[in-house]
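Letter by letter, the chains look like this.
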Amino acid sequence: MKAVEIKKDVYWVGAIDYNVRNFHGYITPRGTTYNAYLVVDEKTALIDTVKSPFKEELLARIRSVMDPAELDYLIVNHVEMDHSGSSAAVMEAAPEAQVIATGKGMEFLHAHYHGSEEWDIKAVDKGDSLKLGKRSLQFIPSPMLHWPDTMFTYCPEERILFSNDGFGQHIATPQRFHDEVEDRDIIDEAKKYYANILLPFSSLVSKKLAELKDVPVDIVCPSHGVAFRRKEDIEQVVSAYSRWAAGESLDKAVIIYDTMYSSTEKMARAIEDGLIDGGVDTRFYNLRISDWSEIAKEVLDAKAIVVGSATLNNGPLPTVAGFLTYLKSLRPKGKIAAAFGSYGWGGGAVKVITEYLESTGIELVEEPIQTRFVPPEEVLSACWDMGARIAKKIKER
Amino acid sequence: MDKYQCTICGYIYDPEKGDPNNGVAPGTEFSALPDSWTCPVCGAPKSEFEAL
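Criteria and thresholds
- Residues numbered from 1 in each chain as written.
- Chains lettered and ligands numbered in written order.
- Predicted model: local features only at pLDDT ≥ 70, side-chain atom pairs only at ≥ 80, totals over all residues.
- Heavy atoms only, no water.
- Buried < 20%, exposed > 50% of the residue type's maximum accessible area, 1.4 Å probe, protein only.
- Helix = DSSP H or I, 4+ residues; strand = E, 2+ residues; numbered from the N terminus.
- Pairing = 2+ DSSP bridges.
- Right-handed = clockwise from strand over helix to strand, strands pointing away.
- Phe/Tyr/Trp six-rings, centres within 6.5 Å; stacked < 30°, edge-to-face > 60°.
- Axes fitted to C-alpha atoms, helices over the stretch in contact; angles between N-to-C directions.
- Core = buried A, V, L, I, M, F, W, Y, C linked by side-chain atoms within 4.5 Å.
- Domains from an automatic or database assignment.
- Contact = heavy atoms within 4.5 Å.
- pLDDT = per-residue confidence, 0-100.
- Buried area = accessible area lost by both parts, 1.4 Å probe.
- Salt bridge = Lys/Arg side-chain N within 4 Å of Asp/Glu carboxyl O.
- Polar contact = N/O pair within 3.5 Å; in protein donor to acceptor, adjacent residues only side chain to side chain.
- Nonpolar A, V, L, I, M, F, W, Y, C, P; charged D, E, K, R; others polar.

Caption draft 1: Geometry of the pairing of strand β8 (residues 44-47) of chain A. All names here are of chain A. Of the two faces of β8, the one lined by Thr44 and Leu46 and the one lined by Ala45 and Ile47 are each fully buried. Where strand β7 (residues 37-40) hands over to β8, the hairpin turn is made up of 3 residues, counted between the paired strands. Examined bridge by bridge, β8 and strand β9 (residues 73-75) share 3 bridges and lie parallel to one another. Paired with alanine 45 across the bridge in β9 is tyrosine 73. You can see the chain leave β8, run along helix α1 (residues 55-63) and come back into β9, and the turn it takes is right-handed.

Okay, here's the thing in structure tokens:
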């Protein structure tokens, strides 16, 4: 396995994980990559590593360029184990290398890799840089994008931004650049990544984009997926990030539900019909068979969500409660919502859904609709009406 | 003395404990923190905090 030279003396030395399908709950139907980069100058620096099962792949790619023992620096942009997981293997191969991370990064390294007290770790802060020879590396702490330790690394001479998880996408490809994989929707993958990883920190994303606005960048190298080097590709992903961070949304509603004997599903379809007839776009997900990460992606730029559940033991189905717990943690802003569902005797699903949505800060714009057992025609008609009213509200926003 | 929570990372500022690592003595009310003070965990500004 060889390194890929992305610019003279700058190499991609990461790993391709074609087979990962569930990344701590994030569903990854297209796998992912763990991107590490090697900058070779008078001094050499490895920027990030790979998930530990792939350490041999990393070391083999480094060896195709140089002896890993000769490494001078290991830059740890982010300690999460998909990136720092091979740090111990790198330090074993290059015991004299100095590790560079933010102060939080240093603290987190020690809490991950017991034995890292022996490593020469230097904490860097905003404004710090490292001279490698003709090239240098500047460090840009980016706390909570998406951990407190996160930083970007920038090489001004090559105009490369190593943005770690920023602008990442979970997709495994043999190609390294967006412009080489035009038959696959990279921006859609970047959107899924944003919705599932960065959405809670949107205000910080906006600030970081403003801070970096005038920094000249020829290549954006994220730690997952492909890099961006064509001017139009960089502009496309940066402007998409600006829109997502600002909470810009479309005339779109996402219907999310689970059902037991199709009563809730019938209501969901009737609500969707009202939305469609009202002229808005829809997405329709049965939580039991759907990819939650994909749903989060669709919620990102939807104006409304409509959530339904059958009642099980006085509450919603566990899939619905689980998804709402996840949605709350993503802290979506500026959405409107409505709840619906079915029950047999005591009820309870709709009440719990309503409480979840309220505590998420989502504005409920309709009285919930409930049906007892199987929805009669008048309930389905009321569902259609609710969908049509939500469509009107979406268009007014 | 009210505790305040960082809405970005979840850190809780407890006035009774202060933030001694960053020069804030125990007993300092959240409102008395300087505007330059940021969340010791994630670096968020004071404006990102909410009273508990």
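Still to come is the rest of the account.
Caption draft 2: Molecular detail of the packing of aromatic side chains. Taken as a whole, this structure holds 20 aromatic pairs over all chains when the rule is applied. Aromatic pair Phe108(A) and Trp147(A): ring centres 6.1 Å apart, planes at 75 degrees, arrangement edge-to-face. Remark: Trp147(A) occurs in the loop between β13 (136-141) and β14 (151-155) and Phe108(A) occurs in helix α4 (residues 103-112); sequence separation between them is 39 residues. Residue Phe108(A) is classed as buried on the basis of its relative accessible area, which comes to 19%. Aromatic side chains Trp37(B) and Phe49(B) sit 5.4 Å apart centroid to centroid with 55 degrees between the ring planes, which places their arrangement in the tilted category.

Caption draft 3: Molecular detail of the sheet that holds β13(A). Residues and elements named next belong to chain A. Pairing is mixed in the open sheet, where 5 strands are placed in the order β12-β13-β14-β15-β16. Of all the strands in the sheet, just β12 (129-131) and β16 (219-222) have a single pairing partner and so form its edges. Sheet twist, expressed as the mean angle between neighbouring strand axes with direction ignored, is 20 degrees. Looking at chain direction, strand β15 (residues 160-164) and β16 are connected through 4 bridges and run parallel.

Caption draft 4: Layout of the nonpolar core. Residues and elements named next belong to chain A. Judged by nonpolar contacts, the single largest core of 74 residues is most densely connected at Val13, Leu38, Leu46, Leu109, Tyr194 and Tyr241. Looking at which element gives the most residues to this core, the answer is helix α5 (residues 186-198), with 8 residues. Both of domain 1 (4-246) and domain 2 (253-396) provide at least three residues apiece to this core. Not counting residues within four places of it along the chain, the set of residues in contact with tyrosine 194 comprises Leu199, Ser202, Val205, Tyr241, Trp244, Ala245 and Leu300. Counting 25 residues, the second-largest nonpolar core is a separate cluster that includes Tyr37, Ala45, Val124 and Ala172.

Caption draft 5: Region of the structure containing unusual backbone geometry. Residues and elements named next belong to chain A. Each neighbour pair has its own omega, and for leucine 145 with histidine 146 the value is 15 degrees, a cis peptide bond. Here histidine 146 lies in the loop between β13 and β14. At methionine 144, a position not held by glycine, the phi torsion is positive, near 65 degrees. A positive phi angle is found at arginine 331, which is not glycine, with a value near 50 degrees. Mapped onto the fold, arginine 331 is located in the loop between α10 (318-330) and β21 (336-343).

Caption draft 6: Here's a closer look at the pairing of β7(A). All names here are of chain A. In β7, alternate side chains face the same way, and those of Tyr37 and Val39 on one face and Leu38 and Val40 on the other are all buried. Where strand β2 (residues 10-12) lies against β7, 3 bridges are found, and the strand directions are antiparallel. Note that in β7 the partner of valine 10 across the bridge is valine 39. In this sheet, β8 lies alongside β7 in antiparallel orientation, the contact comprising 4 bridges. Note on β8: the bridge partner recorded for valine 40 is threonine 44.

Caption draft 7: Representation of the confidence of the model for chain B in the model. In the predicted model, chain B carries a mean pLDDT of 93, and 100% of its residues have values of at least 70. Our summary of model confidence lists the complex with pTM equal to 0.95 and ipTM equal to 0.80.

Caption draft 8: Representation of the domain arrangement of chain A. All names here are of chain A. Per the domain assignment, the segments of chain A are domain 1 (4-246) and domain 2 (253-396). Computed from C-alpha atoms alone, the centre-to-centre distance between domain 1 and domain 2 is 38 Å. With 14 residues of domain 1 at the interface, the matching set in domain 2 holds 12 residues. Between domain 1 and domain 2, the buried area comes to about 1200 Å², and carbon and sulfur atoms account for 57% of it. Between the two partners, domain 1 and domain 2, sit 4 salt bridges. In this structure, aspartate 188 and lysine 297 form a salt bridge, with 2.8 Å as the shortest nitrogen-oxygen distance. Put simply, domain 1 and domain 2 have 7 residue pairs in polar contact (both at pLDDT 80 or more) between them. Elements represented by at least two residues in the side of domain 1 that touches domain 2 include exactly β5 (26-27) and α5. Per-element accounting of the side of domain 1 that touches domain 2 gives the leading share, 6 residues, to α5.

Caption draft 9: The interface of chain B and chain A, seen in detail. With 8 residues of chain B at the interface, the matching set in chain A holds 9 residues. A combined buried area of about 650 Å² lies between chain B and chain A, and 56% of that area is made up of carbon and sulfur atoms. Contact with chain A buries area across many residues of chain B, yet Ile8(B), Val41(B) and Cys42(B) alone supply 61% of it, more than any other trio. At the boundary of chain B and chain A, one finds 1 salt bridge. Where chain B touches chain A, the interface holds 2 residue pairs in polar contact (both at pLDDT 80 or more). Split into classes, the residues belonging to the side of chain B that touches chain A amount to 6 nonpolar, 1 polar and 1 charged.

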